[in-house]
Amino acid sequence: MMIQKSSSIKSRSSWCLLVLRRNSSHSQIRSNGQVVEKKQHDGLYLQKSKGQHLLTNTRVLDSIVRSSHVRPTDTVLEIGPGTGNLTMKLLQAANHVVAVELDKRMVDILRTRVSGHGFLHKLTIIQKDVLKTDFPEFDLVVANIPYNISSPLVAKLVYGSNSFRSATLLLQKEFSRRLLANPGDSDFNRLAMNVRLLADVKFVMDVSKREFVPPPKVDSSVVMITPKEVKPDVNVQEWLSFTRACFGNKNKTLGSMFRQKKKVMELLSLSQVGITRNASFDQGENQVLCLDTDASVFKERVIEILKSNGFEDKRPSKLSHSELLHLLSLFNQAGIFFHSLPLDLLLHDY
Ligand SMILES: C[S@@+](CC[C@H](N)C(=O)[O-])C[C@H]1O[C@@H](n2cnc3c(N)ncnc32)[C@H](O)[C@@H]1O
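Owing to the predicted nature of the structure, the values given are computational and were not obtained by experimental measurement.

Side note on the domain arrangement of the protein
Inference 1: Examined at the domain level, the protein breaks down into domain 1 (51-227) and domain 2 (236-348).
Inference 2: Opposite the 17 residues of domain 1 that make contact, domain 2 presents 18 residues.
Inference 3: Across the interface of domain 1 and domain 2, roughly 1,500 Å² is buried in total on both sides, 68% from carbon and sulfur atoms.
Inference 4: Area buried by domain 1 at its contact with domain 2 is led by Tyr159, Arg190 and Met193, which between them contribute 39% of it.

Describing the side chain of Ser166
Inference 1: For Ser166, the position within the fold is in strand β9 (residues 166-172).
Inference 2: Residue Ser166 is classed as buried on the basis of its relative accessible area of 6%.
Inference 3: Residues in contact with Ser166, not counting those within four places in the same chain, are Ser68, Asp139, Leu140, Val141, Met224, Ile225, Thr226 and Pro227.

Some remarks on the UniProt feature "domain: Ribosomal RNA adenine methylase transferase N-terminal" (unreviewed entry) in the protein
Inference 1: The UniProt record annotates "domain: Ribosomal RNA adenine methylase transferase N-terminal" (unreviewed entry) at residues 60-229.
Inference 2: A helix fraction of 34% and a strand fraction of 26% characterise residues 60-229, whose end C-alpha atoms lie 29 Å from each other.

A look at the nonpolar core
Inference 1: Counting 63 residues, the largest nonpolar core has Leu169 and Ile225 as its most contacted members.
Inference 2: Residues contacting Leu169, with those up to four places away along its chain left out, are Val141, Ala143, Ile145, Val154, Leu157, Ser221, Val222, Val223 and Ile225.
Inference 3: Val70, Leu170, Met205 and Val222 belong to the second-largest nonpolar core, a separate cluster that totals 28 residues.

Reading the values: rules and limits
Residues numbered from 1 in each chain as written. Predicted model: local features only at pLDDT ≥ 70, side-chain atom pairs only at ≥ 80, totals over all residues. Heavy atoms only, no water. Domains from an automatic or database assignment. Contact = heavy atoms within 4.5 Å. Buried area = accessible area lost by both parts, 1.4 Å probe. Helix = DSSP H or I, 4+ residues; strand = E, 2+ residues; numbered from the N terminus. Buried < 20%, exposed > 50% of the residue type's maximum accessible area, 1.4 Å probe, protein only. UniProt positions renumbered as here; feature names shortened; annotations may be inferred. Core = buried A, V, L, I, M, F, W, Y, C linked by side-chain atoms within 4.5 Å.

Laid out in structure tokens, this is it:
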């Protein structure tokens, strides 16, 4: 299959008009939101909305597979196999590949291609949105993912119920830099804080935009995410709610964040934070404070905890995991609990 750029590019800001030649047939592609399809046998319209940038450089594909340390006994999860450039390599290296692909046209091409090479028995295709799919068991993830779902997808992998050895992912370069950043770095954010609580992230290599068809606007990087063997002793759902509250604006101090009336009311009204009266504040029975009357009590308690423990002037993005875990435990000891929002919502909310 050969895919090349057409000379008739009309708009630089929207998708290019592409010509894809396949078995001597060709078709035009323009996806600027409105897909203009001209049926031409097995022509393929690559859609920006689905992040369809195909990685075509064999050397890069080989490097990705090599650096993922796939074993012949492994089941590999591939997200967004597209036309199967990476899938073909994975099928040769692994025992089985589970490929999750949204686009039926891609699924059809993939199935035909894999079948033509006699590998169909090693491939399971799930034609679904990866964010709405429960995964079967797998050992590794290796994928060139659609960049528009990077955050929820990484969160789903790291916080999901599947255990796996590692995820080798091709990501937008800037996004990968954030995952690799440390507290205090300018690009460190909530997702990085959450991912790095449960996993290590290692840089593998940069990949130029020129290696894709069509080339995206940005360069890419491969990173390897490895779940930690020893996980911190924290309720992860409460942790996710807690960091969501702290990182509302990562550059604000925790003091000014929790002083905002809007913030306090939002936290309470969303049941994101529950506060109970307990022994550390009064001798009464535990009970959830009433929203309207007790917002100011809640605020006072939160500020008091921040102040007396030296967190009031700290910015969340400058704090280490152990400092934030300590702050959460201080809140808990004071009867303030960050009640979990549904995990699905927390994972999508980046
Ligand atoms: C960046 S392309 C990668 C294609 C192929 N792996 C390659 O490297 O050439 C991303 C692929 O993910 C698919 N995709 C986009 N959104 C998806 C979703 N929510 N669930 C599953 N697949 C999706 C696209 O249709 C596309 O085939």
